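Results of the structural survey
This is what each chain is made of:
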Amino acid sequence: MAGRTVRYRNGRNTSRAIRAAAVAACATLVLAACGSTKDNVASKGDGGGDGSGKVGVILPLLTSPFWQSYNDYVPKMAKTEDVDALKTVNSNSDPSQQITDINNQLNQGVKGLVVAPLDSAAISAGLDQAERKGVPVVAVDVAPEKGKVAMVVRANNVAYGEKACEYLGKQIPSGKVVQIMGDLASVNGRDRSEAFRACVKEKFPKLKVLEIPAKWESDTAASKLDTLFNANPDIKGIYMQAGGVYLAPTLQTLKSKGLLKTVGQKGHIAIVSNDGIPQEYDAIRKGQIDATVSQPADLYAKYGMYYIKAAMEGKTFKPGPTDHDSEIVKLPSGILEDQLPAPLVTKENVDDPELWGNTVK
């Protein structure tokens, strides 16, 4: 995502385009230590408060183990960051409901919002409402197409698609590979899809990419994957853009067709996923899938709380490295995004105790 322009499609409930948040200059600040998040604080605005007040936290859905884990981390990280977070609200995969949820939280008098947008364009209607009320917003997991947010807390989703491509390309010399895509109304779905497609074309031209637009829906993934295998029984690899919703239906489909072979067995279909949930790690240990990219549910919650607290205090940030192995970048829209690390997990490092998926009970 960083360093290239993403073309967004128009979404529902969009309103007028608003100016991107400006990052205050820091000409007189002498940086004492390179790479500290504190060094990235550009200023504390004149209107900054003390960071107190209720914070609303809005989830996109709770049908995925990834979002269930994030939901569990929220109250823990809110306590750690001294944020008075209300009970989370689930928008249940409905972008229109998410706008209603934002308005309901604003009407309750929250002083800050942490939102995981369902639709990169549609969310702007809710962001406009928050801006009119002077309530800062931190976006988690998905970058809005437009609207004002204090920070986007997200991993580099372009890297997700590239890592999956690189892994599958090294395992499969030639043949058909499938990418089960997310919702293309989301920048995450677009970033992962475009990156995977472009990487295969550039580096592994002997691979043929077949695509399933599954909208983060497990039933859609299952039915379309079944149809695709009926027409293409020689598929050699699969890239699942969200293990939380696609892992179970993919394994079940392969099993029903007698194609669920473990790593090393003749006929094994190489599979790379995204999320880093415990179920994926178990599948890697069993040899059912080969790898996943660990999307940091714990860090999404931690830094969502960190940045909303900072925004409520009137602090702003500037691009540059942080003290938590990430980098704040300015997106083409002018919005700032803290791109958190997301490691590739294989059988070699699946038991690493530092991986959040190994800490979930």
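Each remark here, short or long, concerns the structure printed above.
How each quantity is defined
Residues numbered from 1 in each chain as written. Predicted model: local features only at pLDDT ≥ 70, side-chain atom pairs only at ≥ 80, totals over all residues. Heavy atoms only, no water. Helix = DSSP H or I, 4+ residues; strand = E, 2+ residues; numbered from the N terminus. Expected span 1.5 Å × (residues − 1). Buried < 20%, exposed > 50% of the residue type's maximum accessible area, 1.4 Å probe, protein only. Pairing = 2+ DSSP bridges. Contact = heavy atoms within 4.5 Å. Axes fitted to C-alpha atoms, helices over the stretch in contact; angles between N-to-C directions. Disulfide = S-S within 2.5 Å. Phe/Tyr/Trp six-rings, centres within 6.5 Å; stacked < 30°, edge-to-face > 60°. Lys NZ or Arg CZ within 6 Å of the ring centre and 35° of its normal.

1. A look at helix α7 (residues 243-256)
Counting along an α-helix, one turn takes 3.6 residues, and residues three or four places apart therefore face a common direction. Its 14 residues place the ends of α7 19 Å apart at the C-alpha level, agreeing with the 20 Å of an ideal helix rising 1.5 Å per residue. Burial analysis of α7 places 10 of its 14 residues in the buried class, which makes it a mostly covered element. Three or more residues of α7 are buried, namely Gly243, Gly244, Val245, Tyr246, Leu247, Pro249, Thr250, Leu251, Thr253 and Leu254.

2. Here we look at unusual backbone geometry
Although it is not a glycine, Ser93 sits at a positive phi angle of roughly 65 degrees. Overall, the relative accessible area of 43% leaves Ser93 in the partly exposed class. Positive phi is not limited to glycine here, since Trp216 has a value of about 65 degrees. Relative to the elements of secondary structure, Trp216 occurs in the loop between β9 (207-213) and α6 (218-231).

3. Quick look at the environment of Glu145
Looking at the secondary structure, you find Glu145 in the loop between β6 (137-140) and β7 (151-155). On the basis of relative accessibility, which here comes to 19%, the residue Glu145 falls in the buried class. Each C-alpha atom of the pair Glu145 and Leu331 lies 10.0 Å from the other, and the pair is 186 residues apart in sequence.

4. Side note on the sheet that holds strand β12 (residues 291-294)
Strand order across the open sheet formed by 6 strands is β9-β8-β10-β11-β12-β17, with mixed pairing between neighbours. In this open sheet, the two strands that pair with only one neighbour each are β9 and β17 (344-345). Judged from the 7 bridges that link them, strand β8 (residues 175-181) and β9 form a sheet pairing that is parallel. Looking at β9, one finds that Met181 is bridged to Pro213. Relative to strand β11 (residues 270-275), helix α4 (residues 157-171) is tilted by about 165 degrees, and along the sheet it contacts β9, β10 (235-240), β11, β12 and β17. The strands that α6 touches are β8, β9 and β10; relative to β9, the one it contacts most, it runs at about 140 degrees.

5. Here's the deal with the state of the cysteines
Summed over the entire model, instances satisfying the criterion amount to 1 disulfide. At a sulfur-sulfur separation of 2.1 Å, the disulfide partner of Cys165 is Cys199. Here Cys165 and Cys199 share a disulfide; its torsion about the S-S bond, -75 degrees, makes the bridge left-handed. Remark: Cys199 occurs in helix α5 (residues 187-203) and Cys165 occurs in helix α4; sequence separation between them is 34 residues.

6. Brief notes about the packing of aromatic side chains
Within this structure, the stated rule accounts for 10 aromatic pairs. Both rings, one in Tyr306 and one in Tyr307, keep their centres 4.9 Å apart while their planes meet at 80 degrees; by these two values the pair is edge-to-face. Given a relative accessible area of 23%, Tyr306 falls into the partly exposed group. The class for Tyr307 is buried, based on a relative accessible area of 1%. Residues Tyr307 and Phe317 carry aromatic rings whose centres are separated by 5.0 Å and whose planes lie at 80 degrees to one another, so their mutual orientation is edge-to-face. Taken as a pair, Tyr307 in helix α9 (residues 297-312) and Phe317 in strand β13 (residues 315-317) lie far apart in primary sequence, 10 residues in all. Of the two residues examined, Tyr307 and Phe317, each falls in the buried class. Over the ring of Tyr303 we find Lys302, and its NZ or CZ is 5.5 Å from the ring centre.

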